[in-house]
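# An overview of the molecular structure
For reference, the chains in residue letters:
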Number of protein chains: 2
Amino acid sequence: VPNFRLTLSYDGTDFVGWQRQAQGVSIQGLLEDALAVLEGAPVTVFGAGRTDAGVHALGQVASVALTRSIDAATLRRAVNASLPASLRVLDACEVPDGFHARFSATSKSYRYRIWNAEVLSPFECRFVWHIPSPSLDAEAMGEAAARLKGRHDFSAFQAAGADTRTTERELFKSSVSLGDAAGLITLELTGSGFLRHMVRSLAGTLVEIGRRRHPATWIDEVLASKSRASAGPTAPAAGLFLVRVGYETADL
Amino acid sequence: VPNFRLTLSYDGTDFVGWQRQAQGVSIQGLLEDALAVLEGAPVTVFGAGRTDAGVHALGQVASVALTRSIDAATLRRAVNASLPASLRVLDACEVPDGFHARFSATSKSYRYRIWNAEVLSPFECRFVWHIPSPSLDAEAMGEAAARLKGRHDFSAFQAAGADTRTTERELFKSSVSLGDAAGLITLELTGSGFLRHMVRSLAGTLVEIGRRRHPATWIDEVLASKSRASAGPTAPAAGLFLVRVGYETADL
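Reference entry: report on the structure contained in this document. Since this is a predicted model, take the numbers as computed values, not measurements.

### Some details on the packing of helix H1 (residues 27–39) of chain A against helix H2 (residues 72–82) of chain A
Residue and element names in this part refer to chain A.
- Where H1 meets H2, the axes come as close as 9 Å, and the angle between the chain directions of the two elements is 125°. Relative to H2, the element H1 is oriented oblique. Crossing hand, H1 versus H2: right-handed. Here Leu31, Ala34, Leu35 and Leu38 of H1 come into contact with H2, specifically with Leu75, Ala78, Val79 and Ser82.
- Of the residues belonging to the contact of H1 with H2, the class tally is seven nonpolar, one polar and no charged.

### Observations concerning the interface of chain A and chain B
- On the side of chain B, 24 residues touch chain A, which itself brings 24 residues to the contact.
- Both faces combined, the contact of chain A with chain B buries some 1600 Å², and carbon together with sulfur accounts for 68% of it.
- Broken down residue by residue, the surface that chain A buries against chain B is led by Val119, Pro122 and Phe123 of chain A, which jointly contribute 40%.
- Where chain A packs against chain B, one counts four salt bridges.
- The closest approach of N and O atoms between glutamate 118 of chain B and arginine 77 of chain A, which form a salt bridge, is 3.8 Å.
- At the junction of chain A and chain B, the tally comes to two residue pairs in polar contact (both at pLDDT 80 or more).
- For the side of chain A that touches chain B, the element with the highest residue contribution is strand E4 (residues 87–95) of chain A, accounting for four residues.
- For the side of chain A that touches chain B, the class distribution of residues is 14 nonpolar, four polar and six charged.

### With respect to the packing of aromatic side chains
- Using the criterion set out here, one finds 14 aromatic pairs over all chains in the structure.
- Where phenylalanine 123 of chain A meets phenylalanine 241 of chain B, the ring centres are 5.7 Å apart and the plane angle is 45°; that geometry is what we call tilted. Pair noted here: phenylalanine 123 of chain A is in the loop between strand E5 (105–115) and strand E6 (129–130) and phenylalanine 241 of chain B is in strand E10 (residues 240–247), and the two residues belong to different chains. Residues phenylalanine 123 of chain A and phenylalanine 241 of chain B agree in their burial class; the two are buried.
- Through successive ring pairs, a cluster of aromatic residues spans Phe123 of chain A together with Phe127 and Phe241 of chain B.

How each quantity is defined
Residues numbered from 1 in each chain as written. Chains lettered and ligands numbered in written order. Predicted model: local features only at pLDDT ≥ 70, side-chain atom pairs only at ≥ 80, totals over all residues. Heavy atoms only, no water. Axes fitted to C-alpha atoms, helices over the stretch in contact; angles between N-to-C directions. Helix = DSSP H or I, 4+ residues; strand = E, 2+ residues; numbered from the N terminus. Parallel < 35°, antiparallel > 145°, perpendicular 65-115°, else oblique. Left-handed = near helix turned anticlockwise from the far one by under 90°. Contact = heavy atoms within 4.5 Å. Nonpolar A, V, L, I, M, F, W, Y, C, P; charged D, E, K, R; others polar. Buried area = accessible area lost by both parts, 1.4 Å probe. Salt bridge = Lys/Arg side-chain N within 4 Å of Asp/Glu carboxyl O. Polar contact = N/O pair within 3.5 Å; in protein donor to acceptor, adjacent residues only side chain to side chain. Phe/Tyr/Trp six-rings, centres within 6.5 Å; stacked < 30°, edge-to-face > 60°. Buried < 20%, exposed > 50% of the residue type's maximum accessible area, 1.4 Å probe, protein only.

See the structure below:
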């Protein structure tokens, strides 16, 4: 059974998210429908990250097992030909049987983008959280972000009602930078894994610090509280990008 | 009578172009409608460049005379509040009576973007001309672009049926560069003025050279022919951006 790894990019604005839903267009649904035509039978596509409605991807990864033998480049072209322009297979390659986009992943990188200027560029309106004012303290946000590095119980940053075995995750990278464009503030996170809404809750909490409502060290208290109520709001989906999924070299 | 200069940015995808039309949403129409509310009477907005349907702007300039006295920053905020997110007033300022966005302009800069790779990024699909293959000879395109610099009769690159006093224009800058993203080829033009469809005809002609159908020097023959039929096709609107409009310092 040939097993394929697909690297995907999408503008999430018009999708209900990764996961197939009863209503609306999902990334998983589009891929499964396109691949079912090639396979001549229903297929199941597994995604590394189940991105929510409105969340974008530069390098989402999916895996799918097909019974039909097909060249990876042909697969990519055939699938792209039946997808909307807002969803693309950037790369397809055959991988060992054991490879599973989600369970084989060893790291994920997310980017969260904030537009902190009065006027929002028309080219950015679907890809940022617009905070026209006040001018955020990006330095304090960066200080707080750096304090998140390492292994922690991130339950304070988990969506209410989520059900996971463990809420411990390790962040390898957590930093804030100013973009080329005036007003652009970018949060970059790489971790062993992420809880549901974790990046957006972290972004919302860092913005509270950026607004000078709390000092950078407040992030330690929020972490220690293990309570979602103590953290900041969940930042809007539009600003979030799944940038990259990491795997052991042996899997690739 | 206070006279204002507005600097505008827009994603042209969903507009019928700059100019007000009987059908569809135009940039001029949106601005005139928003400003008429402030003025309490109909107003006329003049644009520096009458961009076509689907053409984008990073720095279009418009001028409008109002009878009502209003602070420029308040004007910008009020107008932006009633415009869609795909059209923004980046800047508003009061200018001398004689200033006219179109007639006072001394130069315009346009950018034309080509995506020359098999897979088109979902984030670029509204902002490029996608040429999946062959791999274009960007060096030859750059050579041909450089030959366009200076004062020429550009009638070979004018839309059929256009009616202008003179078809002579001067190009101060004409160059081709490779973008950060693999596959992105960018044409940058700055000139005293541009004929209707001139940038898109030039882009279409340079692509013929990029496809190796003609050598770089062919551009001289096309120019000399003064015949639209001898040039390449008109490139799609989606790849075109009005980047900047220049004025005499005295007008600003």
